[in-house]
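# Summary of the model geometry
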Amino acid sequence: MFKSLKNLQNAFALTRIYLVLITLLALGTIGYVVYESYQFAELQRNKIYVLDQEESLLMAISRDVNANRKAEAKSHVKRFHEYFFTLSPEKAAIEGNVQQALYLADNSASDVYIRMKEEGFYERIIASGIVCEIKVDSIAINDAVYPFQVKTYGVTSIIRKSNITYRNLETSCTLLNTTRSENNPHGFLIENWKIIDNSDMEVIER
């Protein structure tokens, strides 16, 4: 009887060992699955899917979003200035360009637009058939501080039938990170935008 009891105890002990081993194996499997799932999620976050003419998906790998952030910031600022200062003598075209610019900036840009509108700047463009263009020469960004400090340098051209007026352009602003969208693909917001200088440089007769 004692022998049978001992065998039963050994069987229970062996069963407990098996249960512990199975439990450890299950926990290890769960841990591995969780780890692999996390790694897979991280990999997917580093992939960008681009719709090519609504026909196919092209996959681009984003190695490090922050590595190219300064270049994106410059592109954002350049795009804003091109929209704001590229004007044709048509009301709808002016409003369309300015609206695109205002998607990229805060109220400081709309304040400048409203002031220029109240001063009759856009009415004169339409009435006189004037075309305005801009060439951005350089964009200086101090990304050692946040929000980023930005200064933009360029030349604006006011093209009339009789002459072309070239004006120096210098602006300043700060740049905040924000959510990317269709109207704001770089994910920045221009704040405290100011025109420091937009004085005449020369007038060339046509």
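Below: a short report on this structure.

Reading guide: rules and limits
Residues numbered from 1 in each chain as written. Predicted model: local features only at pLDDT ≥ 70, side-chain atom pairs only at ≥ 80, totals over all residues. Heavy atoms only, no water. Pairing = 2+ DSSP bridges. Helix = DSSP H or I, 4+ residues; strand = E, 2+ residues; numbered from the N terminus. Salt bridge = Lys/Arg side-chain N within 4 Å of Asp/Glu carboxyl O. Buried < 20%, exposed > 50% of the residue type's maximum accessible area, 1.4 Å probe, protein only.

## Some thoughts on the pairing of strand β3 (residues 131-142)
In this structure, β3 lies alongside strand β4 (residues 148-159), joined through 11 bridges in antiparallel fashion. Across the sheet, the residue bridging to V131 is I159, located in β4. A loop of five residues connects β3 with β4, the two strands running antiparallel in sequence.

## Some words on the pattern of salt bridges
Taken as a whole, this structure holds three salt bridges when the rule is applied. The partner of E72 in a salt bridge is R69, with the nearest N and O atoms 3.0 Å apart. In this pair, E72 and R69 are both assigned in helix α2 (residues 69-85), three residues apart and thus about one turn of the helix distant. You can call R69 buried: its relative accessible area is 12%. Of the charged contacts in the structure, one is a salt bridge between E72 and R180, with a shortest N-O distance of 3.0 Å.

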